[in-house]
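# Fold and contact review
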Amino acid sequence: MTTLTRAVNNTPAIRTFGIDLLNDFYSFLDVSPKTLSTYQRAMRQVFGYFKEHGINQPTHQDVVNFKKALEAKGRKPATISLYLAACRRFFTWTEQAGIFPNVAKGIKAPRQERGHKRDFFGASQLKGIMSDMSRDTLQGKRDYAVFALMATCGLRTIEIARANIEDIRNLGGEMILYVQGKGRRDRTEFVKLPERLLQAINEYLNARGKAPDNAPLFAGIGNRNHNGRMTTRTISRIAKNAMRHAGYDNRRLTAHSLRHSAVTLSLLGGMNLADVQAFARHSNISTTQIYSHAVDRIRSMCEDIIANAIF
């Protein structure tokens, strides 16, 4: 257990660097339960490092050393960035509360390579995977509709899991699905449901039978979770199994590859960055530009010109 001390107006303020202080910090945060869980996981790493090294009054250098220790363990830059972000937020709070100075100020996260670590599919590949999926059973109809929705609209697994039947609506003559995106608390964004996709969803819903409007759009089938809300893990498994069945089996192809595919195919189809940003629900257009760079590179004819010249 670590003790933080700091003189405030010549009066020492002493707080035990333990569960009580952490709970005060967590109460201060106005975040979703999932984000709170991420902070808790990160702060366990920070506190664990200080405890392991007998650090009672952390300094700026101690936090730098924590970062170096993570790098030495081979932690990914994204993971280190997450832990440091939580650490900076914590010490910002301790300083504002007059408990301890912000010793994490100015410590930069490691550089993360721009781009994506997941492969994506071309249109013909997606068509092949979907045509290979059986739709003879209720589960087959469900899995096909889930895969088609992710591939067509670029939905994340969490967005699929959160979707309810009542989220499908008619807006200006277009059938749409309202989505509760990552980090969002409300369903304020939507995706359009083209006719063939809507047919696949309705085929599953009709086979499933009557359900209340606030029921999950896609429900569990097994005895343990019959008609219950599916987990993101189950949805990921649906996508992965479909890929494997069609002969695409490597770790770089995941459920999120379907989102990458949808965004990339939009750009390859000639849509502009602003339209694709809105389609993908990217808060920052720089995220969309990462895809654009990849598309520009795919369209480049450099290798083809050289090959034609030398072979």
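Residues numbered from 1 in each chain as written. Predicted model: local features only at pLDDT ≥ 70, side-chain atom pairs only at ≥ 80, totals over all residues. Heavy atoms only, no water.

Counting secondary structure elements, the protein chain contains 13 helices and 5 strands. Oriented by its inertia axes, the alpha-carbon framework of the protein chain measures out at about 75 × 65 × 35 Å. Accessible surface computed for the protein chain: about 17800 Å², of which carbon and sulfur atoms make up 49%. Taken as two groups, the 46 positive and 26 negative side-chain charges of the protein chain have centres that lie 5 Å from each other. (Helix = DSSP H or I, 4+ residues; strand = E, 2+ residues; numbered from the N terminus. Areas by Shrake-Rupley, 256 points an atom, 1.4 Å probe, with all protein chains shown as cover. Lys, Arg positive; Asp, Glu negative; His and termini not counted. Charge placed at Lys NZ, Arg CZ, Asp CG, Glu CD.)

For the structure on display, the rule yields 14 aromatic pairs. Here the basic side chain of Arg 135 rests over the ring of Tyr 144, its NZ or CZ set 3.9 Å away from the ring centre. (Phe/Tyr/Trp six-rings, centres within 6.5 Å; stacked < 30°, edge-to-face > 60°. Lys NZ or Arg CZ within 6 Å of the ring centre and 35° of its normal.)

Attention now moves to the sheet that holds strand S3 (residues 168-171). Taken together, the 3 strands give an open sheet; going across it, the order is S3-S4-S5, and neighbouring strands pair in antiparallel fashion. If you trace the sheet from one side to the other, it starts and ends with S3 and strand S5 (189-192), each paired once. Across the sheet, the mean angle from the axis of one strand to that of its neighbour is 45 degrees, orientation sign disregarded. (Pairing = 2+ DSSP bridges. Axes fitted to C-alpha atoms, helices over the stretch in contact; angles between N-to-C directions.)

Throughout the structure, instances matching the rule amount to 9 salt bridges. Lys 141 is the salt-bridge partner of Glu 203, the closest N and O atoms lying 3.1 Å from each other. Taken together, the positions of Glu 203 in helix H8 (residues 195-208) and Lys 141 in helix H6 (residues 138-153) put the pair 62 residues apart, joining distant regions of the chain. Take Glu 203: its relative accessible area is 30%, and that puts it in the partly exposed class. (Salt bridge = Lys/Arg side-chain N within 4 Å of Asp/Glu carboxyl O. Buried < 20%, exposed > 50% of the residue type's maximum accessible area, 1.4 Å probe, protein only.)

Below, the discussion takes up the pairing of strand S4 (residues 174-179). The pairing of S3 with S4 spans 4 bridges and is classified as antiparallel. Looking at S4, one finds that Arg 169 is bridged to Ile 176. Where S3 folds back on S4, the antiparallel hairpin that results is connected by 2 residues, among which Gly 172 adopts a positive phi of roughly 60 degrees. Bridge count between S4 and S5: 4 bridges; the pairing is antiparallel. Looking at S5, one finds that Val 179 is bridged to Glu 189.

Our next topic: helix H5 (residues 123-131). Residues Leu 126, Ile 129 and Met 130 constitute the buried set of H5. The arc that holds the buried residues of H5, viewed along the axis, is 95 degrees, so those residues lie on one side. Counted as exposed and oriented over 90 degrees from the buried face of H5: Ser 124, Lys 127 and Ser 131. Along its buried surface, H5 packs onto H6, helix H9 (232-245) and helix H10 (255-268). (Arc of directions from axis to C-beta. Contact = heavy atoms within 4.5 Å.)

It is at 10 Å that the axes of H10 and helix H11 (residues 273-280) come closest, and there the two elements cross at 155 degrees. Here H10 is positioned roughly antiparallel relative to H11, judged by the angle of their axes. For the pair H10 and H11, the crossing hand works out as right-handed. Counted together, Arg 259, Ala 262, Val 263, Ser 266 and Leu 267 of H10 and Leu 273, Val 276, Phe 279 and Ala 280 of H11 form the full contact between these two elements. Looking at the contact of H10 with H11, its residues break down into 7 nonpolar, 1 polar and 1 charged. (Parallel < 35°, antiparallel > 145°, perpendicular 65-115°, else oblique. Left-handed = near helix turned anticlockwise from the far one by under 90°. Nonpolar A, V, L, I, M, F, W, Y, C, P; charged D, E, K, R; others polar.)

Counting 43 residues, the largest nonpolar core has Phe 147, Leu 149, Leu 193, Ile 201, Leu 217, Phe 218 and Leu 258 as the members making the most contacts within it. Every element with two or more residues in this core is listed here: H5, H6, helix H7 (157-162), S4, H8, H9 and H10. With 9 residues, H6 is the single largest residue contributor to this core. Apart from the residues lying within four places of it in its own chain, the contact partners of Leu 193 are Leu 149, Cys 153, Ile 168, Met 175, Ile 176, Leu 177, Leu 198 and Ile 201. Counting residues in each nonpolar core, the second largest holds 30 residues, with Leu 21, Ile 55, Leu 70 and Leu 84 among its members. (Core = buried A, V, L, I, M, F, W, Y, C linked by side-chain atoms within 4.5 Å.)

A contiguous nonpolar patch, built from Phe 120, Leu 268 and Ile 298 and spanning about 240 Å² of accessible area, is present on the exposed surface. Mapped onto the elements of the fold, Phe 120 is located in the loop between helix H4 (77-96) and H5. Taking the relative accessible area as the measure of exposure, Phe 120 reaches 33% and is therefore partly exposed. (Patch = residues over 30% accessible without salt bridge, like charges linked within 9 Å, V, L, I, M, F, W, Y side chains within 5 Å.)

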